[in-house]
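Architecture at a glance
What follows is each chain in one-letter form.
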Amino acid sequence: MNEGGSRIRRRVAVRKRNRPSLESIFASPTAADLQPGDEEDDEEEMMAGSRRKKTAEVQPVENNDSEEDMFGDYDSFAENSFLAHVDDLEQYMQLPEHRKHASDLATDDLCSESDKHNKLSVTTIDNFTELKMDEHTTNESRQEDVCIEPEPDLLYDIPSSQVLYFENLHNSSNDLGDQSTKERDCNSSSHKTVNEELPQNSIEQHQQTDDSSSKVRTSSEENRRKSLKEHLKSAMTGNAKAQTPIFSKTKQLKETLLSEEINVAKKTIESSSDDLGPFYSLPSKVRDLYVQFKGIGKLYEWQHTCLTLNSVQERKNLIYSLPTSGGKTLVAEILMLQELLCRRRDVLMILPYVAIVQEKISGLSSFGIELGFFVEEYAGSKGKFPPIKRREKKSLYIATIEKGHSLVNSLIETGRIGSLGLVVVDELHMIGEGSRGAILEMTLAKVLYTSKTTQIIGMSATLNNVEDLQEFLQAEYYTSQFRPVELKEYLKINDAIYEVDSKAENGMTFSRLLNYKYSDTLKKMDPDHLVALVTEVIPSYSCLVFCPTKKNCENVAEMICKFLSKEYLKHREEEKHEVIKNLKNVSSGNLCPVLKRTIPFGVAYHHSGLTSDERKLLEEAYSTGVLCLFTCTSTLAAGVNLPARRVILRAPYVAKEFLKRNQYKQMIGRAGRAGIDSFGESILILQEKDKQQVLELISRPLENCYSHLVQEFTKGIQTLFLSLIGLKIATNLDDIYHFMNGTFFGVQQKILLKEKSLWEITVESLRYLTEKGLLQKDTTDKSEEEFQHSFHITKLGRASFKGTIDLAYCDVLYRDLKKGLEGLVLESLLHLIYLTTPYDMASQCDPDWMIYFRQFSQLSPAEQNVAALLGVSENFIGKKASGQAIKKKVDKDTVNRLYLSFVLYALLKETNIWSVSEKFNMPRGYIQSLLTGAATFSSCVLHFCEELEEFWVYKALLVELTKKLTYCVKAELIPLMEVTGVLEGRAKQLYNAGYKSLTHLANANPEVLIRTIDHLSRRQAKQIVSSAKMLLHEKAEALQEEVEELLRLPSDFPGIASSTEKA
Ligand SMILES: Nc1ncnc2c1ncn2[C@@H]1O[C@H](COP(=O)(O)OP(=O)(O)OP(=O)(O)O)[C@@H](O)[C@H]1O
Ligand SMILES: [Mg+2]
């Protein structure tokens, strides 16, 4: 980092010579040139490779992470199988052999260690596989018993591949059993459960802890404090402990052992010796947890190499890049655990979407409980700023890009950035994507600039111009082409299939002709031979069909089902009925008619029009093999871990745009499931006309990524400058310019800047912010050289920066709130909701005027008064509805925003997405995105108001509104839904079964949950209980800290200093 600093300085010295004077630039405004680049207006879908979500209806909400909330609150349990083995771990740890083994710090040969474990532990990897196979084979045999031969007339209309499948099914039942066993990630497990306990040890640890600061206290004071503390603790944890069975000595022993190992590991790390201790400097328990929870017994060779790189040992910044499914996460996780457990510092992990954050929280909570660290969620409207300062345990913050930025800001502001030992960025290539890329860039640049001791690690599967990123992050680079499952890439033109072959002259070699028998009707309906292609793999194997648009997904799913043999209905029939029942359960009895027709065949569509509850259920069914085919948009390639044996790309397009290399790579990367498939295959269907372009696509290198910091004007450079000055990271022109030179943009300035210099852009942006009233020039240093101009942030600037409001909207937000003060209608929530309806979503909305009018007419007079105050009259809406011309000018943005407020208002009243979706004729997925966007924006507005005295009255109102919007359910379900992974449907079930609070959930026995809650898998049950335990623990700890703070004698207490001095 020092090197980086000098690099910056050098560049500055060169720049300074040429720059024009500040005043001259101020005098000639050219800010218009800096307006954001072309607003990409791709319809329909998020661009997969770019991992940026865009839809016609669902537009990204600015300055919050609702953009990621296309997946809403959903979470997928697909990746994390490890919780299925939580209990086995407990059994395992109780084995005397293991205790002996775990303390054997001398051994660092992972492979041989793992072997030993396999012999000792209750569930070795092999045994586990066998166990699953046995069970599953039994299931499959049951299925086979009911298989019948297809009717002869049916055979005519189905491809030969289908006929083949059913022939095989009939003739060789054992084959299918075996095959399926290998192919399915069977969710069921017959592991026994032992007692569920609260993480007591940590509580006990605290009882023994500290108080070292208060030397001057008398012993009676200490006793009083102690008893108070203990009283409070026991009260707080009383309920939690109530159900806990006899306190386990083994567990106590286990903890002692763990802390011993951590101490040894800490010393190892501090002495930076080559001896890495039991498991990459970590306690051997970590290795055991990976075996038990994730079934990972041995690291891939590259993972080992990467973890033992000198640069990694020296804690240099690192970028590493491997193909999809290469196992990148594990390396990052081990490094994070080293930081948390051995170096005892906090860690921030930045992930691209809310959904993925939640998946990670569910997955890592059990590690946190076992190893003694906190896992904290920073996504949507969740997350505390600044984060709670923990005394003992360290925190792993798992955050979206936006929340990660706010977190870093708050740590800088409170002088705590040094406590952040490591920042891990997954999907680092996102730095080159729109406003989110700009935010990621700012975050990393700020960490680099303000903390010399924070290590940064970035990973990605699709990086090309790594050198630029390396220069920006001052990082080492590691790469490998490793992929655990071979990926065979094919192209389909007419009925011929070609294998992609870089050695062949035109990049492909003929592979085979498609074997199918099509009727005329089928030919007409399915000219691309999708039915033939999918039936070669389903239902034994899973298949994904990527389609260009959402509508297309639904059509393709229906078309395929139309031509599938009825035999498919019998494959896991009961479980599919369960899925349908579940879908109805989470949707207040509603069911999408398309899904109703396709699910019985094991087929479903998957896109952002689904609600998060639906999506979660479908994903679970897919990953357990109940559903075997998803027709999906590119959103599915964007980080959701749902691999398939075969991936089919219906066309080389995403919406109307031709595929990018990165997108293509992401989509085909879903083919092949590590540890399950021996290979995966992708087939891109193309027409002759696209052949040339496709051949280019498969052969060219990945696209470069470029900084968007300046292109994203209000959300990029301006936001950055405001926060640099607000946080006092850099307050004068010169320092700000230095900072800019150290950004990714600074690295790429030669490529990106054509007409203006970085100096000019810096000066212009500062001028713009000053003109907008967000910054003020300091008048005190007038005498200094012009380039020493320093700035301070105005109140409005601070509010905008604290609320992470897009600067394009900060003045209109201020005006709206100010106007609200003059006559806020509090008779209902409508007016408040209006104030927290995201501006950017409103500007994209296109109201249905008839519906608008109908809804307006149904409002109470007080509610109609809200519209009147905003300048929207019934007359205007009525005229619009009847298609009449309107002379009077009405602000379109206000009208649209009010319309969306109606939607949100209806939603809060009815808490039923389906009925609101019907009422407003909007897709249910969109309504949910709107809700998530409003919840996030509401918390932004709250932070905005907190900084401006005149808006004090909004504070209390917005706290409640944010909560309402965040959960949008009956109040009693809110505590349950705070637990990551518990959505509304599940919360209702749990509540009805008597689990009414967080404490209930934290104490629940997963086995009992499975028995009492319909359609809850063991894995889900364990994840819910683990997450609840983690959350309860966090809350209890926070309260304890508060108590201690309250009881602590202030350091400036009169007399203390003198008595200490005397002592
Ligand atoms: N050493 C290992 N042995 C067995 N399985 C492993 C190992 N390392 C990782 N895996 C498994 O491989 C799968 C893919 O790993 P991971 O999600 O880390 O891939 P990735 O490189 O991040 O891919 P992507 O670019 O698609 O995100 C996961 O299910 C993970 O549990
Ligand atoms: Mg990954």
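Residues numbered from 1 in each chain as written. Chains lettered and ligands numbered in written order. Predicted model: local features only at pLDDT ≥ 70, side-chain atom pairs only at ≥ 80, totals over all residues. Heavy atoms only, no water.

Looking at ligand 1, there are 18 residues lining it, with K298, Q303, S325, K328 and T329 nearest. Contact distances for ligand 1 include 2.7 Å between an oxygen atom and a side-chain N or O atom of K328. Between ligand 1 and R670 there is a distance of 3.4 Å, counted from an oxygen atom to a side-chain nitrogen or oxygen. Protein coverage of the free-state accessible area of ligand 1, which is 640 Å², stands at 82%. Of the residues forming the shell around ligand 1, the biggest block, 3 residues, is contributed by helix α16 (residues 328-342). Across the shell around ligand 1, the residue classes tally to 7 nonpolar, 6 polar and 5 charged. (Near = heavy atom within 4 Å. Polar contact = N/O pair within 3.5 Å; in protein donor to acceptor, adjacent residues only side chain to side chain. Areas by Shrake-Rupley, 256 points an atom, 1.4 Å probe, with all protein chains shown as cover. Helix = DSSP H or I, 4+ residues; strand = E, 2+ residues; numbered from the N terminus. Nonpolar A, V, L, I, M, F, W, Y, C, P; charged D, E, K, R; others polar.)

Right, let's talk about helix α19 (residues 434-450) for a bit. The end-to-end C-alpha distance of α19, which contains 17 residues, comes to 25 Å, matching closely the 24 Å that a straight helix rising 1.5 Å per residue would cover. Burial runs high along α19: 15 of the 17 residues are buried. (Expected span 1.5 Å × (residues − 1). Buried < 20%, exposed > 50% of the residue type's maximum accessible area, 1.4 Å probe, protein only.)

For the rest of this paragraph, the subject is the sheet that holds strand β8 (residues 486-493). Strand order in the open sheet formed by 8 strands is β10-β9-β8-β17-β14-β11-β13-β12, and the pairing between neighbours is mixed. Bordering the open sheet on either side are β10 (508-513) and β12 (603-606), each of which pairs with just one other strand. Neighbour to neighbour, the strand axes of the sheet diverge by 25° on average, direction disregarded. Judged from the 4 bridges that link them, strand β14 (residues 646-649) and strand β17 (residues 679-686) form a sheet pairing that is parallel. (Pairing = 2+ DSSP bridges. Axes fitted to C-alpha atoms, helices over the stretch in contact; angles between N-to-C directions.)

Tallied over the full model, the rule gives 24 aromatic pairs. Arranged with centres 4.6 Å apart and planes meeting at 45°, the rings of Y300 and F482 form a pair that is tilted. Within this pair, whereas Y300 is found in the loop between α13 (284-294) and α14 (301-307), its partner F482 is found in the loop between β7 (475-479) and β8, the two being separated by 182 residues in sequence. Ring plane angle 65° and centroid distance 5.7 Å describe the contact between F951 and Y954, whose orientation is recorded as edge-to-face. Here F951 matches Y954 in class, with each residue buried. Clustering of aromatic rings is evident, with ring pairs tying together W849, Y852, F876, Y899, F902 and F920. Positioned over the ring face of F679 is R645, at 4.4 Å from the centre of the ring. (Phe/Tyr/Trp six-rings, centres within 6.5 Å; stacked < 30°, edge-to-face > 60°. Lys NZ or Arg CZ within 6 Å of the ring centre and 35° of its normal.)

Now for the pattern of salt bridges. Counted according to the given criterion, the structure contains 33 salt bridges. Ionic pairing is found between E333 and K360, a salt bridge with its closest N-O pair at 3.4 Å. Of this pair, E333 sits in helix α16 while K360 is found in helix α17 (residues 354-371), placing the two residues 27 residues apart along the sequence. No difference in accessibility class separates E333 from K360, as the two residues are buried. E614 is the salt-bridge partner of R924, the closest N and O atoms lying 2.7 Å from each other. Here E614 lies in helix α27 (residues 612-623) and R924 lies in helix α43 (residues 924-946), a separation of 310 residues in the sequence. No difference in accessibility class separates R924 from E614, as the two residues are buried. What emerges from the salt-bridge pattern is a single network uniting R315, E339, R343 and R345. (Salt bridge = Lys/Arg side-chain N within 4 Å of Asp/Glu carboxyl O.)

The strands making up a sheet are joined through hydrogen bonds of the backbone, oriented either antiparallel or parallel. Here 7 strands make up an open sheet; going across it, the order is β3-β4-β2-β5-β6-β1-β7 and the pairing parallel. The open sheet has two edge strands with one neighbour each: β3 (374-378) and β7. Neighbour-to-neighbour, the strand axes of the sheet open up by a mean angle of 15°, direction not taken into account. Strand direction decides the pairing type here: strand β1 (residues 317-321) and strand β6 (residues 455-460), joined by 4 bridges, are parallel. Opposite L318, over in β6, you have I457 as the bridge partner. Each of β2 (346-350), β3 and β4 (395-399) is contacted by α17, which is oriented at about 165° to β3, the strand it contacts most. (Contact = heavy atoms within 4.5 Å.)

This part is about a negative patch on the surface. A cluster of acidic residues, E573, E574, E578 and D1014, forms a negative patch on the protein surface. Positionally, D1014 belongs in the loop between α48 (1006-1012) and α49 (1018-1047). (Patch = residues over 30% accessible without salt bridge, like charges linked within 9 Å, V, L, I, M, F, W, Y side chains within 5 Å. Lys, Arg positive; Asp, Glu negative; His and termini not counted. Charge placed at Lys NZ, Arg CZ, Asp CG, Glu CD.)

For the rest of this paragraph, the subject is the nonpolar core. Membership of the largest hydrophobic core comes to 178 residues, with the highest contact counts inside it found for Y320 and L444. Not counting chain neighbours up to four residues away, the residues in contact with Y320 comprise W302, K328, V331, A332, I457, G458, M459, S460 and Y478. Residues I497, C543, C561 and L610 belong to the second largest nonpolar core, which totals 78 residues. (Core = buried A, V, L, I, M, F, W, Y, C linked by side-chain atoms within 4.5 Å.)

This paragraph deals with helix α20 (residues 466-473). Turning to α20, its buried residues number three or more, namely V466, D468, L469, F472 and L473. Along the long axis of α20, the arc covered by the buried residues comes to 160°, so they all point the same way. Tucked inside the fold, the buried residues of α20 contact β1, α19, β6, β7 and α32 (744-752). (Arc of directions from axis to C-beta.)

It is worth spelling out the packing of helix α41 (residues 892-910) against α43 at this point. Relative orientation of the contacting elements α41 and α43 amounts to 100°, with a least axis distance of 10 Å. When the interaxial angle is binned, α41 and α43 end up roughly perpendicular. Of α43, the residues touching α41 (which contributes R897, L900, V903, L904 and L907) are Y926, I927, L930, L931, A934 and F937. Here the contact of α41 with α43 is built from residues that sort into 10 nonpolar, no polar and 1 charged. (Parallel < 35°, antiparallel > 145°, perpendicular 65-115°, else oblique.)

With 4 bridges connecting them, β8 and strand β9 (residues 496-500) associate as antiparallel partners. Residue pairing across strands places K492 opposite I497, the latter belonging to β9. Note: β9 against β10, 5 bridges, orientation antiparallel. Within β10, the residue paired with I497 across the bridge is R512.

Let us now look at a nonpolar patch on the surface. Together, L821, W952 and V953 make up an exposed nonpolar region whose accessible area comes to about 300 Å². Relative to the elements of secondary structure, V953 occurs in helix α44 (residues 952-967).

What follows concerns the confidence of the model for the protein. Per-chain confidence: the protein averages 77 in pLDDT, with 72% of residues scoring 70 or above. For the stretch residues 224-229, pLDDT sits under 50, and the model shows 9 contacts to residues farther than four places along the chain or on other chains. Low pLDDT (under 50) marks residues 272-276, which in the prediction has 10 contacts with non-local residues, meaning those over four places away or in another chain. (pLDDT = per-residue confidence, 0-100.)

By the element assignment, T936 lies in helix α43. Given the relative accessible area of 1%, T936 is considered buried. On a C-alpha basis, the gap between T936 and T966 in space is 7.7 Å, while along the polypeptide they are 30 residues apart. There is a polar contact of 2.8 Å between the side chain of T936 and the backbone oxygen of T932.

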